[in-house]
Amino acid sequence: ISGNQYTCPSFNGSDDYTIASGYTVIINSGFTPQWAQIFTMSGTAALTAKGNISFNSINPSNLKVTGGTIIADGGSFVAGSGNGTVLGADITATSVTLGGTAIKATGNITATGIVDISAGSSVSGTINGGTVTLGSNVTAMKDITATGKLTINSGVSISGALKGNEVIVGPDVKNITSITAN
């Protein structure tokens, strides 16, 4: 540990991990916690993995992320294969896939490539990506920006502006404040 920063080669598939507010953990590999593991982050905690991060194998009730920042440095971020997944951190990755089942994400989402949010999910923060797709009946609370194509499927509720190189909006989309297509 150096100050409030801890760097390690990897996390194993059996221990429980807690990153307290004010601390940063850097993993020099990807991170995929397993079903019985518990992963906790809060406040200003930060996790950076040098590779992919997947929360698809963890029991959703063991994923206790109420704040902080998660970065998949050079890799993808995936979560939401289990019902009831809740993520309270800002997420940054090459690509971000939230879903399989509906997920609740309260932080900002940033990706240089694809952002894919599954049907019925809710996102409270901003969404920024290369290509962004929101499944049907997603609730998005803030602005959504795509440097490429932005697709909003039917029944989505958005309390913000849409901006993309190409913007496709399905039927019954609600509450958009503005649409900008470059």
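Residues numbered from 1 in each chain as written. Predicted model: local features only at pLDDT ≥ 70, side-chain atom pairs only at ≥ 80, totals over all residues. Heavy atoms only, no water.

A. Structural context of the overall build of the protein. Looking only at helices and strands, the protein features zero helices and 23 strands. Compactness check: the protein gives a C-alpha radius of gyration of 16 Å against a globular reference of 16 Å for 182 residues, within 12% of the reference. In terms of overall dimensions, the protein has C-alpha extents of about 50 × 30 × 25 Å along its principal axes. Within the protein, the fraction of its 182 residues that count as buried is 46%. Within the protein, contacts between residues at least 6 apart in sequence are counted, and of these 12% link residues at least 24 apart. Carbon and sulfur atoms make up 49% of the accessible area of the protein, which totals about 7,800 Å². Across the protein, 7 positive and 8 negative side-chain charges occur, with their mean positions spaced 5 Å apart. (Helix = DSSP H or I, 4+ residues; strand = E, 2+ residues; numbered from the N terminus. Rg over C-alpha atoms; globule rule 2.2 N^0.38 Å. Buried < 20%, exposed > 50% of the residue type's maximum accessible area, 1.4 Å probe, protein only. Contact = heavy atoms within 4.5 Å. Areas by Shrake-Rupley, 256 points an atom, 1.4 Å probe, with all protein chains shown as cover. Lys, Arg positive; Asp, Glu negative; His and termini not counted. Charge placed at Lys NZ, Arg CZ, Asp CG, Glu CD.)

B. Region of the structure containing the pattern of salt bridges. Across all of its chains, the model carries one salt bridge by this definition. In this structure, lysine 50 engages aspartate 73 in a salt bridge whose closest nitrogen and oxygen atoms are separated by 3.4 Å. Of this pair, lysine 50 sits in the loop between strand 5 (46-49) and strand 6 (53-54) while aspartate 73 is found in strand 8 (residues 69-79), placing the two residues 23 residues apart along the sequence. (Salt bridge = Lys/Arg side-chain N within 4 Å of Asp/Glu carboxyl O.)

C. Local environment of the packing of aromatic side chains. Per the stated rule, a full pass over the model turns up seven aromatic pairs. Ring geometry for phenylalanine 11 against tyrosine 17: centres 3.8 Å apart, planes inclined by 5°, an arrangement best described as stacked. Residue phenylalanine 11 is classed as buried on the basis of its relative accessible area of 14%. For tyrosine 17, a relative accessible area of 14% puts it in the buried group. Ring geometry for phenylalanine 11 against phenylalanine 31: centres 5.2 Å apart, planes inclined by 85°, an arrangement best described as edge-to-face. One end of the pair, phenylalanine 11, is in the loop between strand 1 (5-8) and strand 2 (17-19); the other, phenylalanine 31, is in the loop between strand 3 (24-27) and strand 4 (39-41), with 20 residues separating them in the sequence. (Phe/Tyr/Trp six-rings, centres within 6.5 Å; stacked < 30°, edge-to-face > 60°.)

D. The arrangement of unusual backbone geometry in detail. A positive phi angle is found at aspartate 172, which is not glycine, with a value near 60°. Position of aspartate 172 among the secondary structure elements: in the loop between strand 22 (166-169) and strand 23 (178-181). Assessed through its relative accessible area of 61%, aspartate 172 is described here as exposed. One non-glycine residue, asparagine 175, lies in positive phi territory at about 70°. Tracing the sequence through the fold places asparagine 175 in the loop between strand 22 and strand 23.

E. Inspection of the environment of asparagine 52 at higher detail. With respect to the element layout, asparagine 52 can be found in the loop between strand 5 and strand 6. What makes asparagine 52 partly exposed here is its relative accessible area of 45%. Residues asparagine 52 and threonine 133, spaced 81 residues apart in sequence, show a C-alpha to C-alpha distance of 20 Å. Excluding residues that lie within four positions of it along the chain, asparagine 52 makes contacts with Gly30, Phe31, Gly75 and Ser76.

F. Local environment of the nonpolar core. Counting 47 residues, the largest nonpolar core has Phe39, Phe55 and Phe77 as the members making the most contacts within it. If we skip the residues at most four places from it in the chain, phenylalanine 39 touches Tyr17, Ile19, Phe31, Leu47, Phe55, Ile58, Asn62, Leu63, Lys64 and Val65. (Core = buried A, V, L, I, M, F, W, Y, C linked by side-chain atoms within 4.5 Å.)

G. Looking closely at the side chain of serine 121. The residue serine 121 is located in the loop between strand 13 (114-117) and strand 14 (122-123) in this model. At 2.9 Å, the side chain of serine 121 and the backbone oxygen of serine 118 are in polar contact. Apart from the residues lying within four places of it in its own chain, the contact partners of serine 121 are Thr101, Ala102, Ile103, Asn137, Val138 and Thr139. (Polar contact = N/O pair within 3.5 Å; in protein donor to acceptor, adjacent residues only side chain to side chain.)

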